[in-house]
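Structural overview
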Amino acid sequence: MSDPIIEKLTTARVGLLLKAPFFGNMATRMPLIDASDWCPTAATDGRGFYYNRDFIDKLSTKKLEFLFGHEICHAIFDHISRVGSRDFKLSNIAQDYAVNQILVDERIGEKIDEVQICYDPKYRGWAWEEIYDDLFDQAEKISMDELLEQLGDVLDEHLKEGDAQDGEGEGGSGEGKPRISKEEAQQIRDEIKEAMIQSAAAAGAGKVPGQIQRMIKDLTEPKMDWREVLRMNIQSIIRNDYSFSFPNRKSWHT
């Protein structure tokens, strides 16, 4: 018998293919992984789509489209590896503010209200690092714990990069919440870049959000320093087919 949860998720991916082909193409490359044992909502490591069956059952197809878009944006913007020394939970909240604003602006599915998601129109156009700095300034006026309580929960589980710890699975092994190794994270990043370029080509002109389009342009048309370009051009016209040794008199006639 077919699984109704898988059917719902598949229907949402088909909907994305028709309405937002870039997101639809990115979503179809992600295997669906039941993670109900550790994941209360959804998550991604950039490669797979982890989900909680009970949470998926509560959402409409359009809200599932929003959820897919949310996980895809986390993967595209490489949020797992960009936290650095920042507070992990506050970083997750800032990333969710940035991602949810993009999805609302691009009309990807329908905004989820089954949980309190992080959304504020004032952050339109902000990078998540800028949002983090703004939230951190607020935390200094009250306290981090108080601020986190006011902001509510993130929509999904955010995974970490590094060695697995107790209660965590290695590289999505299914043994608890996955922790992505640095080597695997780099491999996933390369896969995502390739998938972005392919999905953008399949979607066609005008079907890719502006921020993502600029990222793809940087990948396909990398900028070079003008000094490097000038050096290469000068070197290409300088003669190097000569020698400082004395010529052989026997070959002068040639």
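Report on the accompanying structure. Predicted model only: the values in this text are computed from it and were never measured.

Observations concerning the overall build of the protein
Along the protein, the regular secondary structure elements total ten helices and five strands. Relative to a compact globule of 254 residues, whose C-alpha radius of gyration would be 18 Å, the protein shows 24 Å and is clearly more extended. Seen along its three principal axes, the alpha-carbon backbone of the protein occupies a region of about 90 × 55 × 40 Å. Relative to its 254 residues, the protein shows a buried fraction of 40%. Here the protein displays about 14,700 Å² of accessible surface, and carbon together with sulfur accounts for 50% of that area. A gap of 9 Å separates the mean positions of the 32 positive and 46 negative side-chain charges of the protein.

Some remarks on unusual backbone geometry
Most peptide bonds are trans, and most residues other than glycine sit at a negative phi. The phi dihedral of Asp78 is positive, around 55°, even though this residue is not glycine. Residue placement: Asp78 occurs in the loop between helix H4 (61-76) and helix H5 (88-105). Not every positive phi belongs to a glycine, and Arg107 is a case in point at roughly 55°.

Quick look at the sheet that holds strand S1 (residues 32-34)
Read across the sheet, three strands follow the order S1-S3-S2 without closing on themselves; strand pairing throughout is mixed. A single partner strand is all that each edge strand has here, and the edge strands are S1 and strand S2 (42-44). For this sheet, the mean angle separating the axes of adjacent strands, direction not counted, is 25°. Bridge count for S2 against strand S3 (residues 49-51) is three bridges, and the pairing is antiparallel. Counted as the bridge partner of Ala43 is Tyr50 from S3. Along the sheet face, helix H1 (residues 4-19) touches S1 and S3 and points at about 135° away from the line of S3. Against the sheet, H4 makes contact with S1, S2 and S3, and its axis sits at roughly 30° relative to S2, the strand it touches most.

So, a nonpolar patch on the surface
Nonpolar side chains collect at one region of the surface, where Trp226, Leu230, Ile234, Ile237 and Ile238 lie side by side and expose about 560 Å² of accessible area between them. A relative accessible area of 40% means that Ile234 is categorised as partly exposed.

Section: the pattern of salt bridges
Going through the model one piece at a time under the given rule, you end up with ten salt bridges. With a closest N to O distance of 3.0 Å, Glu65 and Lys19 form a salt bridge. Separated by 46 residues along the polypeptide, Glu65 in helix H4 and Lys19 in helix H1 bring together distant segments of the chain. According to the relative accessible area criterion, Lys19 is exposed, its value standing at 54%. Across the salt bridge formed by Arg47 and Glu191, the nearest N and O atoms sit 2.9 Å from each other. Remark: Glu191 occurs in helix H8 (residues 182-203) and Arg47 occurs in the loop between S2 and S3; sequence separation between them is 144 residues.

The rules behind the values
- Residues numbered from 1 in each chain as written.
- Predicted model: local features only at pLDDT ≥ 70, side-chain atom pairs only at ≥ 80, totals over all residues.
- Heavy atoms only, no water.
- Helix = DSSP H or I, 4+ residues; strand = E, 2+ residues; numbered from the N terminus.
- Rg over C-alpha atoms; globule rule 2.2 N^0.38 Å.
- Buried < 20%, exposed > 50% of the residue type's maximum accessible area, 1.4 Å probe, protein only.
- Areas by Shrake-Rupley, 256 points an atom, 1.4 Å probe, with all protein chains shown as cover.
- Lys, Arg positive; Asp, Glu negative; His and termini not counted.
- Charge placed at Lys NZ, Arg CZ, Asp CG, Glu CD.
- Pairing = 2+ DSSP bridges.
- Axes fitted to C-alpha atoms, helices over the stretch in contact; angles between N-to-C directions.
- Contact = heavy atoms within 4.5 Å.
- Patch = residues over 30% accessible without salt bridge, like charges linked within 9 Å, V, L, I, M, F, W, Y side chains within 5 Å.
- Salt bridge = Lys/Arg side-chain N within 4 Å of Asp/Glu carboxyl O.

Structural measurements only, silent on function.
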